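Residues per chain, in single letters:
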Amino acid sequence: MELTPLVQPGQQIIERYGPSGFRVSGTVYPGPVLVFPDRTLVWADAMFTEAGLAPVVAHGGVELLLLGLGRHMAPVVAALRATLKGHGIVIEAMETGAACRTYNVLLAEDRRVAAALLPPV
């Protein structure tokens, strides 16, 4: 019997995270990142605002956005939640480690997920 891989070739898997950044599918990214199933971007405007998350909306096809807030939790501003919901995106905030693990599981389930991640400092 042949087993089907959990993640398809070319999909972005979060392999490692730490205070200095992330390793995604073999590539090291210093600092904050935006991870989509098909690509990872350095998150230059790493702010949890409409402008900071504009690349997620522009990417399209995202139904769930995981916010990795470092080692701290904070509520998502209602206006930002409403703006993203208007684009069909549900937003969930959590610690970065939890966001990385959740992203990988949801990706393996072929969900339309993305992650906006701050290093855990």
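To be clear, the structure that these remarks concern was listed above.
Caption draft 1: Spotlight on the overall build of the chain. Helix and strand content of the chain: three helices and eight strands. Its helices and strands taken in sequence order, the chain reads β-β-β-β-β-α-β-α-β-α-β from the N to the C terminus. On C-alpha atoms alone, the chain measures out to a radius of gyration of 14 Å, which is about the 14 Å that the 2.2 N^0.38 rule sets for 121 residues. On the principal axes, the C-alpha backbone points of the chain span a range of 50 × 30 × 20 Å. Looking at the chain residue by residue over its 121 residues, the buried ones come to 40%. Entry remark: accessible area of the chain is about 6600 Å², with carbon and sulfur atoms responsible for 59%. For the chain, the separation between the mean place of its 9 positive charges and that of its 10 negative charges on side chains is 5 Å.

Caption draft 2: Broad picture of the sheet that holds strand β1 (residues 14–18). Strand order across the open sheet formed by three strands is β1-β2-β3, with antiparallel pairing between neighbours. With one partner strand each, in any of the chains shown, β1 and β3 (27–30) form the two edges of the open sheet. With direction set aside, neighbouring strand axes in the sheet form an average angle of 15°. Pairing of β1 with strand β2 (residues 21–24), which is carried by four bridges, proceeds in the antiparallel orientation. Looking at β2, one finds that I14 is bridged to V24. Lying on the sheet, helix α3 (residues 96–108) is in contact with β1 and β2; it crosses β1 at an angle near 180°.

Caption draft 3: Broad picture of the pairing of β3. One ladder, built from four bridges, connects β2 with β3; its direction is antiparallel. The partner of F22 across the bridge, within β3, is Y29. The hairpin turn running from β2 into β3, its antiparallel successor, is two residues long, and S25 in that turn takes a positive phi close to 50°.

Caption draft 4: The arrangement of the side chain of Q11 in detail. Tracing the sequence through the fold places Q11 in the segment before β1. Contact partners of Q11, with chain neighbours within four places excluded, come to S25, P37, L107 and D110.

Caption draft 5: Summary view of the sheet that holds strand β4 (residues 33–35). Here we have five strands laid out as an open sheet, ordered β5-β4-β8-β6-β7, and mixed in their pairing. The open sheet is flanked by β5 (40–42) and β7 (90–94), the only strands paired with a single partner. Taken over all neighbouring pairs, the strand axes of this sheet differ in orientation by 15° on average, direction set aside. Sheet topology note: the strand β6 (residues 64–69)/β7 ladder contains five bridges and is parallel. Opposite L66, over in β7, you have E92 as the bridge partner.

Procedures and definitions
Within each chain, residue numbers correspond to sequence positions counted from 1 in written order. Given that the model is predicted, a residue must reach a pLDDT of at least 70 before its local features are reported, and side-chain atom pairs must reach 80 or more before they are shown or counted; all residues, however, enter totals for whole chains, interfaces and linings. Only hydrogens and water are set aside when side-chain values are computed; all heavy atoms of the structure are taken into account. A run of H or I in DSSP becomes a helix once it reaches four residues, and a run of E becomes a strand once it reaches two; helices and strands are each numbered from the N terminus. Radius of gyration: C-alpha atoms only; globule rule: 2.2 Å multiplied by the number of residues to the exponent 0.38. Categorising residues by exposure relies on relative accessible area from a 1.4 Å probe, with only protein chains included: less than 20% of the type maximum marks a residue as buried, more than 50% marks it as exposed, and the intermediate range marks it as partly exposed. Method for areas: the Shrake-Rupley scheme with a 1.4 Å probe, in which residue coverage is limited to the protein chains shown. Just so you know, the count uses Lys and Arg for positive and Asp and Glu for negative, and it drops His and the chain ends. By convention, the point assigned to a charge is CZ for Arg, NZ for Lys, CD for Glu and CG for Asp. For two strands to pair, DSSP has to find at least two bridges joining them. For helices, the axis comes from a line fit to the C-alpha atoms of the stretch in contact; other axes are also lines fit to C-alpha atoms, and the angle between any two N-to-C directions lies between 0 and 180 degrees. Residue contacts follow a heavy-atom distance rule, with two residues in contact if any of their heavy atoms lie within 4.5 Å.

Interpretation note: all reported values are geometric properties and have no functional meaning in isolation.
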